Structure formats: structure tokens, C-alpha cells
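Observations on the three-dimensional arrangement
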Amino acid sequence: MIICIYFIYQYKYAVVIWDDIRDIIVRAPKDTYTHGRYFTETFAFIFIKIIPKMFNIPVQNYAFISEGLTKSVFLTFIIYLFGKCFSYKNKYLNSYNLIIYIISIFVLISLMSACNNYLIFETMQFFCGYIIPLVFFIPLWLKISDYYLCWGGVNTLSKKDILKLCILAFLTGMGNEIFAGVTSILLFLLFLENIILKIKNNNEKINSYVYLPLIFCLISVFFSSKAVGTQALIDNWGITWYFNINSILIFLKILIKIVFIKNLFLWLPSVIGLIILKFSNIENKNKIIRYIIYTYLGLLFFYISLYFLGETYPYYIDKEDEYYMFPRFWFLYSMLLLNLRFILYISLLYITGNIINLKLNKELKITLILAIIFSLLSFIFHSYDNVNFSDVNKKRNIYITDKMAVFYFKQGKNAILPAETANDIISAGDGDFPFDLIFGKYENKIYYENEYPIYFKYLKQCYLGMSEIPDKSGIIFKPTEEAMNDFYNNGGILEPEELTDLNFGLIK
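Our subject in this report is the structure included herewith. Not measured: the values here are computed from a predicted model.

**Observations concerning the overall build of the protein**
From N to C terminus, the protein includes 22 helices and 3 strands. In terms of overall dimensions, the protein is globule-like: its C-alpha atoms have a radius of gyration of 25 Å, near the 23 Å expected for 508 residues. The buried share among the 508 residues of the protein stands at 55%. Partitioning the contacts of the protein with sequence separation of at least 6, the portion at a separation of at least 24 is 77%. Only carbon and sulfur atoms are counted for the fraction: they give 63% of the accessible area of the protein, which is about 23600 Å². In the protein, which carries 45 positive and 40 negative side-chain charges, the distance between the mean positions of the two groups comes to 12 Å.

**Thoughts on the pairing of strand S1 (residues 415-418)**
Side chains of S1 alternate between two faces, with Ala415 and Leu417 and Ile416 and Pro418 buried alike. One ladder, built from 4 bridges, connects S1 with strand S3 (residues 474-478); its direction is parallel. Bridge pairing in S3 places Leu417 opposite Phe477.

**Remarks on the packing of helix H2 (residues 18-25) against helix H20 (residues 453-462)**
In contact at an axis separation of 10 Å, H2 and H20 are set at 70° when each is read in the N-to-C sense. Comparing the axis directions of H2 and H20 gives the class roughly perpendicular. Seen from H2, the contacting residues are Ile21, Arg22 and Ile25; seen from H20, they are Ile454, Tyr458, Gln461 and Cys462.

**Quick word on the packing of helix H14 (residues 264-278) against helix H17 (residues 362-383)**
At a minimum axis distance of 9 Å, the contact between H14 and H17 shows a crossing angle of 165°. Between H14 and H17, the interaxial angle falls into the category roughly antiparallel. As H14 runs across H17, the sense of the crossing is left-handed. On H17, the residues that touch Phe265, Leu266, Pro269, Ile272 and Ile276 of H14 are Leu368, Ile372, Ser375, Leu376 and Phe379. Residue composition of the contact of H14 with H17, by class: 9 nonpolar, 1 polar and no charged.

**A word on the sheet that holds S1**
Taken in spatial order, the 3 strands line up as S1-S3-S2 in an open sheet, and their pairing is mixed. The open sheet has two edge strands, S1 and strand S2 (447-448), and neither has a second partner. The sheet contacts of helix H18 (residues 392-409) involve S1 and S3, and relative to S1 the element is tilted by about 170°. Seen against the sheet, helix H21 (residues 480-489) touches S1 and S3 and runs at an angle of roughly 145° to S1.

**Quick look at the pattern of salt bridges**
Any two side chains of opposite charge can pair, on the condition that their charged atoms come close. Counting across every chain of the model gives 11 salt bridges. Note that Glu177 is salt-bridged to Arg37, the shortest N-O span being 3.6 Å. With Glu177 in helix H10 (residues 177-200) and Arg37 in the loop between H2 and helix H3 (38-54), the pair connects residues that are 140 residues apart, well separated along the chain. The class of Arg37 is buried, set by a relative accessible area of 6%. One salt-bridge network, held together by shared partners, links Asp19, Arg22 and Asp432.

**Remarks on the pairing of S3**
Counting buried residues in S3 gives 4 out of 5 residues, a clear majority hidden from the surface. As paired elements, S2 and S3 share 2 bridges and run antiparallel to each other. Each bridged residue has a counterpart across the sheet, and for Tyr447 the counterpart in S3 is Ile475.

**Brief notes about the packing of aromatic side chains**
For the structure on display, the rule yields 42 aromatic pairs. Look at Tyr147 and Tyr209: their rings are 5.9 Å apart centre to centre, the planes differ by 55°, and that puts the pair in the tilted class. In this pair, Tyr147 is assigned in helix H8 (residues 134-148) and Tyr209 in helix H11 (residues 208-224), connecting sequence segments 62 residues apart. Just as Tyr147 is buried, Tyr209 falls in that class too.

**A closer look at the nonpolar core**
General note: in soluble globular proteins, nonpolar side chains tend to be found buried as a group. In terms of nonpolar packing, the biggest core is built from 172 residues, with Ile178, Tyr303, Phe331, Tyr455, Tyr458 and Phe477 touching the most fellow members. When residues in this core are grouped by element, the largest group, 16 residues, is from helix H16 (residues 334-356). With residues up to four places along the chain from it excluded, the contact list for Phe477 reads Leu417, Pro418, Ala419, Ala422, Phe433, Pro434, Leu437, Tyr442 and Tyr447.

**Observations regarding unusual backbone geometry**
Phi angles above zero are rare outside glycine, and Trp18 is one such case at about 45°. Note on placement: Trp18 falls in helix H2. Accessibility expressed as a relative area gives 14% for Trp18, which makes it buried. Here Asn56, not a glycine, exhibits a phi torsion of approximately 55°, which is positive.

**Here's the deal with H21**
Where H21 is concerned, the buried positions are Ala483, Met484, Asp486 and Phe487. Taken end-on, H21 shows its buried residues confined to a sector of 160°, consistent with a single buried face. Residues of H21 that are exposed and point over 90 degrees away from its buried face: Glu481 and Asn489. Where H21 terminates, the next one or two residues include Gly491, which has phi positive at roughly 100°.

Calculation rules
Residues numbered from 1 in each chain as written. Predicted model: local features only at pLDDT ≥ 70, side-chain atom pairs only at ≥ 80, totals over all residues. Heavy atoms only, no water. Helix = DSSP H or I, 4+ residues; strand = E, 2+ residues; numbered from the N terminus. Rg over C-alpha atoms; globule rule 2.2 N^0.38 Å. Buried < 20%, exposed > 50% of the residue type's maximum accessible area, 1.4 Å probe, protein only. Contact = heavy atoms within 4.5 Å. Areas by Shrake-Rupley, 256 points an atom, 1.4 Å probe, with all protein chains shown as cover. Lys, Arg positive; Asp, Glu negative; His and termini not counted. Charge placed at Lys NZ, Arg CZ, Asp CG, Glu CD. Pairing = 2+ DSSP bridges. Axes fitted to C-alpha atoms, helices over the stretch in contact; angles between N-to-C directions. Parallel < 35°, antiparallel > 145°, perpendicular 65-115°, else oblique. Left-handed = near helix turned anticlockwise from the far one by under 90°. Nonpolar A, V, L, I, M, F, W, Y, C, P; charged D, E, K, R; others polar. Salt bridge = Lys/Arg side-chain N within 4 Å of Asp/Glu carboxyl O. Phe/Tyr/Trp six-rings, centres within 6.5 Å; stacked < 30°, edge-to-face > 60°. Core = buried A, V, L, I, M, F, W, Y, C linked by side-chain atoms within 4.5 Å. Arc of directions from axis to C-beta.

In short, the description is geometric, and any link to function would need to be established separately.
Shown next, in the form of C-alpha cells:
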């Protein structure tokens, strides 16, 4: 509860911006499923657009719930699931979970802030794409390990148990590419192991807890691959120039650095933990080790497959990144790195829980745990940033800009808007607002709806009386102070109380 309240407090100034405007507010329902994440995209569409529309609540007022409260609940639940990875089958380890929760808060925020992409904090689209899938992946991953190790009693699996696994696998398959890929490969490797055992021992059964979730996961991946956004990526798939030895060497060089060296703080303690498990006398130690290795192989196969996907879009990589001028392989995309680290982190927690359960001498056990904690703390100190989950200044800028736009358009005039804060709402230079805003070349220009329709559509859908904007009305950008002076000189009113209350319902 305290953790949830902490996140809610962080999101008190939540707003609807960027991709949530472009993909949810503006688009028709049939065009919402850009990425094939049918569950999470439907969830975002309902919370951000449908519910406030049903109850006639301004979307920016409702953002505290749609963008703030919902994310807070999911983040809290994910931290709870991190604890489960640690203490899943060892109930006495629950007494350590408070420590895991505290560490996981800082690890979670550090992992997200290390991606240098604030959109994962501020937009539901990115949050749904790369955070919420953990809610399905972690329980599925733990449950499969449970049956694989026979703690759950594989011979007593009910139809209800299988159904749960299949639902989780289906939802994970449409979660995002990396979780779908790792889950599919993990289940496939378990399936192969099962077949080998059957060949060696005719009495061995092919376990339904493996192949049925695998089938449902692959079905989900198939349907997700038909989405417009996914198809755009698949269209780049090919092997014409990929066997160039120079490209392969560059790929391997960057792969080793991105996947392994940059994540030594997770790989190193995990490998040490696996070695300790190998030389321990713990029950099912070989299966535990194999299960983790299968998960790692799933990660490795997924990342190698990205070689054949062509180059990522340049705006996904920071221009200051040392690899910006190399072939922009998709594993450079920071969101995939985030999910890679999530999977490594839950694997480390799983290994650590099993190590604590070992009958080691007390000094060795404490040394190992301190080494793992030190590794995580070193990353936290290096990466933790006091990120603004929600920024009152950004919310205030959006309020001012929207009020000015509505004021002008309702009079059939060109809207004079602040240039510096336009990017707080939707992206400049990405087809939403002009590149001119970035390069300061917007003076004496008028931008019309047919050129940059996203913001116009947003205004029409979110404010009463804005169903139509005169065709000849456009947007003129000026420096903030000039735009504000023009607003007041044209009869606009902006009371100090408005900038405190930030009630978007007053914009009419």
C-alpha cells in the first residue's frame, strides 16, 4: 500500500501526451491496434479515451486516473511479482520480501530511467508495450518452472491449471516482441527436452503444460504479426546483404557490449549463483540451472534474430550514442534493453532465493548475498535519477497552449501558440508539429490542418464546441512571451487560479 501511494504521489500531475494523443485520442478504434498488443492497447484505449468520454470528463483531468493511478497499481503489482520470483516456493523467505520490495523500487526506476526515454514514464502506449507485459510473463514463467520442477505436481495438473497457463501464454505472446520471443523459445526448448526423454523412456509423457501454452503463445504471435506496425517491421526482414562478414562482425561486437558487458551487474552474480547451485546438494538443482539457461538461450536467440530485421528507426537511438553511425541494429532500441534487464533481474531473484535456501555456512551465504546487493546498488547509484513521473510545469504548459488554441479557433482566427512548449504535447519533427520548431525557423509561417492534423484532431475531440475548425485557420508559432502578449492583447484571459487548479474543463 505504501509503495502504491508513493507512485500515485509521483503521478499527481499526469497528462495525456505524445503517442497517447497520436495513437489513442486521435485514431479511430479500428486503427488503434498498431502493434498487435490487442489486450494492452484495448486497455489503454478504454481508460484514456472511452471512460472520460462516457462521463464527459476532460481527458487531461482524467489523466490522473488513466495515466497515473493505473500505472501506479501496475508498478506496485510488478514489484510484488519481483518478490514472488525470490520467494516463490520457500515461504519462510517471505520475511525477506520487504528488503526485495525496497531494492526493487530503486531497481525498477533505475532500469526505466537508464533507458533515457521519459515516454515510458509519461505515456500509456510505451508503458503498455514494455511494462505491463511483465504482469503476464512473470506468473507464466514462475508457473512453468513450478511444473517443470514438479513442485506443483505435474501429474495432478487440472484442466483449470492448463487453461490458466494457456491464457497467460496467449497474453504474453501479444505483450511485446521480446517477451513473446523468450517465452516461445523457452517453451520450445522444454518441449524438445520432453521429446528426448520420451524417446529414452517410452513411458514418459509429453507434458501438456509445455506444448499447449506454446501453441497458444505462437497463435498470439501470429495474430500480433498482422498488425500494421508489426508488418512494417516484417517488411524489412530479409537476408540479401546480411551475410556480409563485416556487418556480422560489427553486429557481434555491438551485441556483446549491449547484451553482456553493459549488463554485467546482472549477469555476473547470476552466473556465480548458478555455479554455487551446481556444486550444492539442493533438490532438482540441475533442472533449476537448465530452466535458467533455457531462459538465457531464449534471450540470446531473440537478439541474434534481430540481425535479420534491418535497421531500427534513427529516432529510437540517441544521436550522442557511440553506435549511432553504425548499422542501427534493433537491439540498440532502449526499450528492448529495458525488457532484457527485467528478465535478467527476475532470473537473478529466482537464483538468489534458491541460494538462500541452501545449507551453506552462514559466512559464505552472507558474503554471496552482500555481493548480489552490492552489484545491484552499484547500478542504482550509477543509473538512478530523480525522474519526474509527472511534471506540473508540463501540465501547465499544455493547459495554456490548449486554452489559447481553443480561444483563437472558436473565433475563426489563426491560433498564436508558444513554440517552446509545443513539444510537450506532441512531437515536433515527427509529422505532428513541424521540424521548424526544432530549428527555430517557424517565424512568419502558418501551419494548417492538412499539413499537421494531429493537434487539430486532438482539440476537436477533447473540447466542447471544437467539432469544426475553419479550413483557413492555422497555427502561428511565436516565442512564449510574444505569444502570451498577443493572447492578452486579443482579449484572452488567464487567471492565476487557473494555473493552480489546472481544470481543463474550464477550456471552452
